[in-house]
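# Topology and contacts: notes
In case you want the letters, here they are:
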Amino acid sequence: MASEAFINLYVRENADAAFRLTPVVVPVVVHVVYNTTAQNIPDAAVHTQIDALNRDFGKGNADLSTAPPEFSSLAADTGIRFQLAARDPSCKPTNGITRTHTETTSFDIFNTDDVKSAATGGADPWPRDTYLNIWVCPALDGQGGRGTFPSAPAARDGVIVNYTVFGPGVPPYDLGRITVHEVGHYFQLFHVFQGGCADNDQCGDTPPQADPNFGTPTFPHVSCQGAPHGDMFVNHMDYTNDSTKVMFTVDQAARIQATLTGPRSYLLASDGLVPPYATNAGSLWSADTPRDTAVEPDPLTEPMWQSEDIWVRNQNDGRITQQHQNPVHRPAGSQPNYVYVRVRNAACGTPAAGTVKLYWAKASSALAWPDPWDGSITAPALMGGLIGTQPTGSVPGRGSSVLEFPWSPPDPADYSMFGGDQNHFCLLSRIETAATPPYGMTFPETSNLYDNVKNNNKIVWKNVEVATSNHFDLPGFATLGNPQPIEREVLFAVRAPSLAGKDPWGHVELEVPNELADKLREAQLDLTVASFEKDTLLIHKLDTPIGPVTVDSGQYYTLGVRIKADTEAPLFGLFLIDIEQYERRDQKNVLVGGQRVAFKVLPPKQGDKQVPLGRWWHSHEEDRTDMQMFRPEGYEFPVSHGRWGLELLPDHTAVVFDIGATDGVDRVDGYWWTDHDDRVLIGLGDPERGDFVLHVHAADEESLSLRRTRIVLEE
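Reading guide: rules and limits
Residue numbers here run from 1 along each chain, matching the order of that chain's written sequence. Confidence filtering applies because this is a predicted model: local features only for residues at pLDDT of at least 70, side-chain atom pairs given and counted only at 80 or more, and all residues used for totals across whole chains, interfaces and linings. Side-chain measures were taken over the full set of non-hydrogen atoms in the model, leaving aside hydrogen atoms and water. Here the rule is simple: two strands pair whenever DSSP picks up at least two bridges between them. By the criteria applied, helices consist of DSSP H or I runs no shorter than four residues and strands consist of E runs no shorter than two, each listed in order from the N terminus. Geometry is summarised by axes, namely lines fitted to C-alpha atoms with helices restricted to the contacting stretch, and by angles between N-to-C directions that run from 0 to 180 degrees. We call two residues in contact when some of their heavy atoms are within 4.5 Å. Only protein atoms enter the 1 Å grid used here, on which a cavity is any set of points holding a 1.4 Å probe that cannot leave and a pocket is any open set flanked by protein within 12 Å on both sides along at least five of seven lines; residues with an atom within 4 Å of a point are listed as lining. Grid points are joined across faces, edges and corners, and a volume is the space filled by probe spheres set on the points. Put simply, Ala, Val, Leu, Ile, Met, Phe, Trp, Tyr, Cys and Pro go in the nonpolar bin, Asp, Glu, Lys and Arg in the charged bin, and everything else, Gly too, in the polar bin. In the sections that follow, a salt bridge refers to a side-chain nitrogen of Lys or Arg positioned within 4 Å of a carboxyl oxygen of Asp or Glu. Partly exposed residues are those whose accessible area sits between 20% and 50% of the maximum for their type, while under 20% is buried and over 50% is exposed, using a 1.4 Å probe and protein chains only. The term disulfide is used for any two cysteine sulfur atoms that are within 2.5 Å. For this analysis, a ring pair means two rings from Phe, Tyr or Trp (six-membered ring only for Trp) whose centres lie within 6.5 Å, classed as stacked if their planes differ by under 30 degrees, edge-to-face if by over 60, and tilted for the remaining angles. If an angle is under 35 degrees, it is roughly parallel; if it is over 145, roughly antiparallel; if it lies from 65 to 115, roughly perpendicular; otherwise it is oblique. Whether a crossing is left-handed or right-handed is set by the direction in which the near helix is turned from the far one by less than a right angle, anticlockwise for left-handed and clockwise for right-handed. Every residue gets a pLDDT, meaning the predictor's confidence in that residue, from 0 to 100.

### A word on the sheet that holds strand 24 (residues 588-601)
With mixed pairing, 5 strands are arranged side by side in an open sheet as 15-24-23-17-21. Taken across any chain shown, the strands that pair with only one partner, and hence form the sheet edges, are strand 15 (464-469) and strand 21 (546-551). The mean angle between the axes of side-by-side strands here comes to 25 degrees, regardless of whether they run parallel or antiparallel. In the sheet, strand 15 pairs with strand 24 via 6 bridges, with the strands oriented parallel. Residue pairing in the sheet places Ala 467 in a bridge with Phe 599 of strand 24.

Dropping the structure here:
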């Protein structure tokens, strides 16, 4: 129950919880357990299922258009992707698929875990802190699949799926969505019909639903009062046919991200996608992107300035909450910010140690090495410096460690010449494993920072500004410039992954300073790439360099970055814009660096009930609807045996007290949360009592009224 309390508290305190800056890639191992040849599904079927997981968890399914607009407008990318493992527990290469012949003709996957153990005819799991285990096997008739919640024991953790509905599957379960549903449970999602009309799935944007739906219901299908559009039978967490289930919601995405932050945070450090090294010698590294596999040079084409192995927190909670925040300047003597750096060991057996040097710089897309990171550039203000140096300690093979650096960012007022970008700083982490050049780097460092990061897996870079708002049309900022001692010919390009589809719904606009606008006009812009509308530069073609223009030494230009809708735009979501800077060298455009602006556009809030905290006692009052009345501690009413109480704490944990005539006080720990109907729900997980909720219908300073309702936490 502690994990559930964490998830609800995290979602409540992080309005943007659903919108992770980069997707988390989860290593998957699929254990094919078969009795007959037909049950030994081919590799192609496994790949089809992985594609289906990525399609549906990434909101990449074309059939989302089949959902009623009242529901499809709430659909979200969950920020999770899946990939078959490249390295097995013995550190050998793998395709992420195991095959086991069994004498068991069919497994009871609803009531046993036999398929999860070789001793009972199945296959043993791979370590759950590194892999998502999925077992595919013959099951009893009518059984589709079952997924465990994070609280499951390690030996039973994972997902079981009947081979008939896995991958291509058999109609009406032929789109891999039974597996999608069960992986939803793995990330702590409940059914949309959880608790019936009491609506206990803990997601405010899924309406109450009395019972599971099957087949292909017709919209609207209303089973509960207070749900004007009826049941969300198009949700992956219902029981409808595969062709009907097409979406997760924003609140479900937030719960998934909270699960990754808390009870399944170990997946963030998994090395299951890293191919085995040729040697077993210790090899420290950090990841440029979630798909980085420690290869040097990094073959990926994604921007190198978005590492998730560096993150800033405004308080020292970054070992638990591994989500990046913009750094905040505070007066001298105040609490610092904290920077966290994850150091990994790609080797399988040998521990390794080194030193991490962490640097800051004033953000721009023109940074070089070693200046301004070494503090040598002081005009127009100090442009960078060393934050700190720490030993990594001994990092075990296949392991990782997280280092914490306190940091007090410079005063943004010193950077007023950067306009709206004056608050933005970026970070660079370097792992040194030798005391002399090249300091353990595979490729000696040059002045080209981008090449250094791409070539060496010991160097990672974070240059991301996070813009969060409840409004879609909001600005972000990026800075072009030239910190070098001589003038440069500079070009820039705009990348926008969320706008680069076949039918983009919007375009990017840049607010350009007058001096740079004049230079761009003189450069005779290609009007198919970009054009001016007054002082606004409209970008017509993404990923195409604009310029060149001459930029003097020490000159910086701040761009206002904005997304504008050309058609009916999504109301919320995560939208990424990269401003890339190039230099013209020997008639070639050489990438220097870039900045990312991450727009987190929040959906409308679905209820924010502030419940009265403290301790409450059953007062033996009952109304006509069979509600039970509670009074706050200290309220004057006679003491009687059989009374019971509850305590709601600010961290969303709860305590329920049973008081018997002779037994004294029996304490049961649980958690509380609120839903979109302004009700309070209290969940318990005591095996002796079974799982249930106390559904609080009304709350004020003098009373709580509630009814006890059954809840099923696992299938």
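### Some remarks on the sheet that holds strand 14 (residues 459-462)
The 4 strands are arranged 11-10-13-14 in an open sheet whose pairing can be described as antiparallel. Either end of the sheet is taken by a strand with one partner, and the two such strands are strand 11 (384-391) and strand 14. Adjacent strand axes in the sheet meet at a mean angle of 15 degrees when their direction is disregarded. Across 4 bridges, the pairing between strand 13 (residues 425-432) and strand 14 is antiparallel. Each bridged residue has a counterpart across the sheet, and for Leu 428 the counterpart in strand 14 is Trp 461.

### Focus on the side chain of Ser 469
In this fold, Ser 469 is placed in strand 15. Excluding residues that lie within four positions of it along the chain, Ser 469 makes contacts with Leu 474, Lys 600, Val 601 and Leu 602.

### Here we look at empty space enclosed by the protein
According to the stated counting rule, one finds 4 cavities of 30 Å³ or more in the structure shown. There is about 310 Å³ of room inside the largest cavity. Along the walls of the largest cavity sit 23 residues, with Val 25, Leu 268, Thr 289, Pro 290 and Arg 344 positioned nearest its centre. Secondary structure elements with two or more residues in the lining of the largest cavity: strand 1 (24-34) and strand 9 (337-345). It is strand 1 that contributes the most residues to the lining of the largest cavity, 3 residues altogether. Considering only residue class, the lining of the largest cavity consists of 11 nonpolar, 5 polar and 7 charged. By volume, the second largest cavity is sized at about 40 Å³. Of the residues contributing to the lining of the second largest cavity, the split by class is 3 nonpolar, 3 polar and 3 charged.

### Looking at the pattern of salt bridges
Applying the stated rule across the entire model yields 29 salt bridges. Between Arg 255 and Glu 4 there is a salt bridge, with the nearest N and O atoms lying 3.1 Å from each other. With Arg 255 in helix 5 (residues 250-261) and Glu 4 in helix 1 (residues 2-13), this residue pair connects regions lying 251 residues apart in the sequence. Relative accessible area serves as the criterion here: at 2%, Glu 4 is assigned to the buried category. Measuring nitrogen to oxygen at the nearest pair gives 3.5 Å for the salt bridge that ties Glu 432 to Lys 357. Of this pair, Glu 432 sits in strand 13 while Lys 357 sits in strand 10 (residues 355-362), and the two are 75 residues apart along the sequence. The class for Lys 357 is partly exposed, based on a relative accessible area of 25%. A cluster of three or more residues bridged by salt bridges with shared partners is formed by Arg 55, Asp 56, Asp 63 and Arg 177.

### Section: the side chain of Lys 116
By secondary structure assignment, the location of Lys 116 is in the loop between strand 3 (97-101) and strand 4 (132-137). For Lys 116, a relative accessible area of 2% corresponds to the buried category. Beyond its immediate sequence surroundings of up to four residues, Lys 116 is in contact with Ala 123, Asp 124, Pro 125, Trp 135, Arg 146, Thr 148, Ala 155, Arg 156, Gly 158 and Ile 160.

### Concerning the state of the cysteines
Per the counting criterion, the structure on display carries 2 disulfides. Between the sulfur atoms of Cys 91 and its disulfide mate Cys 348 the distance is 1.1 Å. Of the two residues, Cys 91 is situated in the loop between strand 2 (80-84) and strand 3 and Cys 348 in the loop between strand 9 and strand 10; the sequence distance between them amounts to 257 residues. Assessed through its relative accessible area of 14%, Cys 91 is described here as buried. For Cys 197, the disulfide goes to Cys 224, at an S-S distance of 2.0 Å. Disulfide Cys 197-Cys 224: the torsion about the S-S bond is -90 degrees, which places it as left-handed.

### Description of the packing of aromatic side chains
This structure, assessed with the given rule, holds 18 aromatic pairs. Taken together, a centroid distance of 4.8 Å and an interplanar angle of 40 degrees make the contact between Phe 57 and Phe 248 tilted. On the criterion of sequence distance, the pair formed by Phe 57 in helix 2 (residues 43-57) and Phe 248 in the loop between helix 4 (177-186) and helix 5 is long-range, its members being 191 residues apart. There is no split in this pair, since Phe 57 and Phe 248 are both buried. For the pair Tyr 415 and Phe 425, a centre-to-centre distance of 5.6 Å together with 80 degrees between the ring planes defines the contact as edge-to-face. Of this pair, Tyr 415 sits in the loop between strand 12 (400-407) and strand 13 while Phe 425 sits in strand 13, placing them 10 residues apart in sequence.

### Concerning the packing of helix 2 against helix 4
Think of two packed helices as two axes; the pair is described by the angle between the axes and how far apart they sit. Closest axis-to-axis distance for the helix 2/helix 4 pair is 9 Å, and the angle between their directions is 60 degrees. Between helix 2 and helix 4, the crossing angle belongs to the class labelled oblique. Considering only the axes of helix 2 and helix 4, their crossing is right-handed. Residues Gln 49, Ala 52, Leu 53, Arg 55, Asp 56 and Phe 57 of helix 2 form the contact with helix 4, whose participating residues are Arg 177, Thr 179, Val 180, Val 183 and Gly 184. Split into classes, the residues belonging to the contact of helix 2 with helix 4 amount to 5 nonpolar, 3 polar and 3 charged.

### Examining the confidence of the model for the chain
Chain-level pLDDT for the chain is 89 on average; 90% of the residues reach the 70-or-more range. For residues 711-715, every residue scores under 50 in pLDDT, and the model assigns this stretch 21 contacts once sequence neighbours within four places are set aside.

### So, unusual backbone geometry
For residues other than glycine, phi is negative in most cases, and the peptide bonds are mostly trans. At the junction of Trp 369 and Pro 370, the peptide bond is cis and its omega measures out at 5 degrees in the coordinates. Checked against the element boundaries, Pro 370 lands in the loop between strand 10 and strand 11. Cis geometry is found at the peptide bond from Gly 547 to Pro 548, where omega equals 10 degrees. Along the chain, Pro 548 falls in strand 21. With a phi close to 70 degrees, Gln 188 is a non-glycine residue in the positive phi region. When you line up the elements, Gln 188 lands in the loop between helix 4 and helix 5.

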